[in-house]
Amino acid sequence: MAIEIRPATDFADVQALVGPKRPDANVCWCLSYRLPSKQNQQLHGTERGAFVKKLVAEDPPPGILAYDGGEPVGWAAVHPRADTGFATNRRIPHVDGRDVWSIWCIRVRPGHRGKGISHALLAGAVDLARTYGAPAVEGYPVDNAGQKLDLTMAYVGTRKLFEDAGFTKAADTESVLNGFPRVLMRLDLEQ
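## Examining the nonpolar core
Line of reasoning, step 1. V14, L31 and W75 are the most contacted members of the largest nonpolar core, which totals 26 residues.
Line of reasoning, step 2. Elements with a minimum of two residues in this core: α1 (11–18), α3 (46–57), β2 (63–68), β3 (71–80) and β4 (101–108).
Line of reasoning, step 3. Every residue in contact with L31, bar those within four places of it in the chain, is listed here: N40, L43, R48, F51, V52 and L55.
Line of reasoning, step 4. By size, the runner-up hydrophobic cluster in this structure holds 25 residues, among which are I64, V108, V137 and F167.

Here it is in structure tokens:
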């Protein structure tokens, strides 16, 4: 299996990974952390998909996609923290004043899990941030200490996944997901 990582510039492929089966359904579309809470809550049904379609056309794109044989099988959201809800999130601290990028969602399609795609997505997200000159990239995974994690809550990643990619713990957070504390993991990109 050769996984290919590309910037998320194809709306149909992004929709296949984070969109609903019914276009009018109110699902996340990976906007919960991308937008301020009030703006996110104001978007309903097809407005959510239309908003993501605009994001996909922007530079930088809203994330990256993993492909297996041309089929989209994974998604990772990565963008400058200043353009996300993490810019003002009171539970996730700012380590310093640098213009870091945030990674907040890593999703692999059922049937493709357990093949290392999450690792490829995380590496691709780091590469995208580096390409755009990010001084550092952060993630906010759960610190589950190897305990089983509900797959619906696994989208933030685990501390081990980020450690395996060279990230180090930069801070504790006040955020908890699925009963596990979230930690701020950071990878410095400046040499």
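Picking up after the structure, the text goes on.
## Observations concerning the packing of aromatic side chains
Line of reasoning, step 1. Summed over all chains, the structure comprises six aromatic pairs.
Line of reasoning, step 2. Judged by centre distance (5.0 Å) and plane angle (85°), the rings of F162 and F167 are edge-to-face.
Line of reasoning, step 3. The class for F167 is buried, based on a relative accessible area of 2%.
Line of reasoning, step 4. Three or more aromatic residues joined by ring pairs make a cluster, and in this case those are Y33, F86, W104 and Y140.
Line of reasoning, step 5. Above the face of the Y67 ring, R6 is positioned so that its terminal group lies 3.7 Å from the ring centre.

## Quick look at the side chain of R186
Line of reasoning, step 1. Note on placement: R186 falls in strand β7 (residues 180–188).
Line of reasoning, step 2. Residue classification places R186 among the buried residues on the basis of a relative accessible area of 9%.
Line of reasoning, step 3. A polar contact of 2.7 Å, which involves the side chain of R186, links it to the side chain of D96.
Line of reasoning, step 4. Not counting the four nearest positions on each side in its chain, R186 is found in contact with R81, V95, D96, R98, V100, A136, V137, E138, F167, T168 and A170.

## Here we look at the sheet that holds β4
Line of reasoning, step 1. The seven strands lie next to each other as β1-β2-β3-β4-β5-β7-β6, forming an open sheet whose pairing is mixed. Sheet topology places β1 (3–7) and β6 (168–177) at the edges, where each strand pairs with a single neighbour. Within this sheet the neighbouring strands show an average axis-to-axis angle of 25°, counted without direction.
Line of reasoning, step 2. Its contacts with the sheet put α1 on β2, β3 and β4, and the angle it makes with β3 is roughly 95°.
Line of reasoning, step 3. Sitting on the sheet, helix α4 (residues 117–131) is in contact with β1, β2, β3, β4, β5 (136–139) and β7, with an inclination near 150° to β4.

## With respect to the pattern of salt bridges
Line of reasoning, step 1. Per the counting criterion, the structure on display carries 14 salt bridges.
Line of reasoning, step 2. Between R22 and D24 there is a salt bridge, with its nearest N and O atoms 3.0 Å apart.
Line of reasoning, step 3. One salt bridge in this structure joins R109 and E71, with 3.6 Å as the shortest N-O distance. With a gap of 38 residues between them, R109 in the loop between β4 and α4 and E71 in strand β3 connect regions that are remote in the sequence.
Line of reasoning, step 4. Judged by relative accessible area, R109 falls into the partly exposed class, the value being 23%.
Line of reasoning, step 5. Members of the salt-bridge network, linked through shared partners, are R81, D96, R98, E138, R186, D188 and E190.

Rules behind the numbers
- Residues numbered from 1 in each chain as written.
- Predicted model: local features only at pLDDT ≥ 70, side-chain atom pairs only at ≥ 80, totals over all residues.
- Heavy atoms only, no water.
- Core = buried A, V, L, I, M, F, W, Y, C linked by side-chain atoms within 4.5 Å.
- Buried < 20%, exposed > 50% of the residue type's maximum accessible area, 1.4 Å probe, protein only.
- Helix = DSSP H or I, 4+ residues; strand = E, 2+ residues; numbered from the N terminus.
- Contact = heavy atoms within 4.5 Å.
- Phe/Tyr/Trp six-rings, centres within 6.5 Å; stacked < 30°, edge-to-face > 60°.
- Lys NZ or Arg CZ within 6 Å of the ring centre and 35° of its normal.
- Polar contact = N/O pair within 3.5 Å; in protein donor to acceptor, adjacent residues only side chain to side chain.
- Pairing = 2+ DSSP bridges.
- Axes fitted to C-alpha atoms, helices over the stretch in contact; angles between N-to-C directions.
- Salt bridge = Lys/Arg side-chain N within 4 Å of Asp/Glu carboxyl O.

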